[in-house]
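Listed here are the chains, written in short residue letters.
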Amino acid sequence: MSHQGDQQDKAKAFRALHVPGDPLILLNVWDAGSAAAVAKAGRPSRPAVGRSGVVDISLIARLAAGSPLPVNIMRMGTEPSIASLADAGSARVSHGPAPYLQAMAALEQMARDVR
């Protein structure tokens, strides 16, 4: 099975944990080892590589392959591409505050141009 297909299956299983009236408590983990410990304890979680500058696709692929849980990657710039993150096994890609910050900078510039 491809990394992407495996992560999609994990994402579907994770989505099924969201049950109305039964709150889902998430633990964030940051590497394959802590993801394995949380999974072994029977606790759902959302492991995430969310530090700025983590762009090494081979590292992300190793994390996705070694994690029994879906992996979320926080992409802070334009690299790596979303397609390469999916190929590496990411179940989800987050963009952090970047879209908001870009929108606010554009609005600020527009306000300055009006003056």
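Residues numbered from 1 in each chain as written. Predicted model: local features only at pLDDT ≥ 70, side-chain atom pairs only at ≥ 80, totals over all residues. Heavy atoms only, no water.

(A) Main features of the overall build of the protein chain. Scanning the protein chain for helices and strands turns up five helices and three strands. The buried share among the 115 residues of the protein chain stands at 28%. The long-range share in the protein chain, meaning contacts at least 24 apart out of those at least 6 apart in sequence, stands at 46%. Here the protein chain displays about 7300 Å² of accessible surface, and carbon together with sulfur accounts for 60% of that area. (Helix = DSSP H or I, 4+ residues; strand = E, 2+ residues; numbered from the N terminus. Buried < 20%, exposed > 50% of the residue type's maximum accessible area, 1.4 Å probe, protein only. Contact = heavy atoms within 4.5 Å. Areas by Shrake-Rupley, 256 points an atom, 1.4 Å probe, with all protein chains shown as cover.)

(B) The arrangement of the nonpolar core in detail. Core analysis: the largest hydrophobic core is formed by eight residues, namely Ile60, Ala61, Leu63, Ala64, Val71, Ile73, Leu85 and Ala88. Going through the elements one at a time, α3 (57-66) and α4 (82-88) are the ones with two or more residues in this core. By residue number, the principal contributor to this core is α3, which donates four residues. Ignoring sequence-local partners within four residues, the contact set of Leu85 consists of Ile57, Ile60, Ile73, Arg75, Pro80, Ser90 and Val93. (Core = buried A, V, L, I, M, F, W, Y, C linked by side-chain atoms within 4.5 Å.)

(C) Main features of the pattern of salt bridges. Per the counting criterion, the structure on display carries one salt bridge. Between Arg112 and Glu108 there is a salt bridge; the shortest N-O distance is 2.5 Å. Placement of the pair is Arg112 and Glu108 together in helix α5 (residues 98-114), with a separation of four residues, close to one helical turn. Judged by its relative accessible area of 41%, Glu108 is partly exposed. (Salt bridge = Lys/Arg side-chain N within 4 Å of Asp/Glu carboxyl O.)

(D) Inspection of a nonpolar patch on the surface at higher detail. A surface patch of nonpolar side chains, amounting to about 530 Å² of accessible area, comprises Tyr100, Leu101, Met104, Leu107 and Met110. Mapped onto the fold, Met110 is located in helix α5. (Patch = residues over 30% accessible without salt bridge, like charges linked within 9 Å, V, L, I, M, F, W, Y side chains within 5 Å.)

(E) Representation of α3 within the structure. Residues of α3 that are buried: Ile60, Ala61, Leu63 and Ala64. Projection of α3 onto a plane perpendicular to its axis shows the buried side chains occupying an angular sector of 160 degrees, all on one side. (Arc of directions from axis to C-beta.)

(F) Quick peek at the side chain of Asn72. Looking at where Asn72 falls in the secondary structure, it is placed in strand β2 (residues 72-74). Of the polar contacts made by the side chain of Asn72, one reaches the side chain of Arg92; its length is 3.2 Å. Side-chain polar atoms of Asn72 contact the side chain of Ser94, separated by 3.0 Å. (Polar contact = N/O pair within 3.5 Å; in protein donor to acceptor, adjacent residues only side chain to side chain.)

(G) Examining the environment of Ser67 more closely. With respect to the secondary-structure elements, Ser67 resides in the loop between α3 and β2. Ser67 gets classed as buried once you look at its relative accessible area, which sits at 2%. Considered as a pair, Ser67 and Ala35 are 32 residues apart in the sequence and their alpha carbons are 5.9 Å apart.

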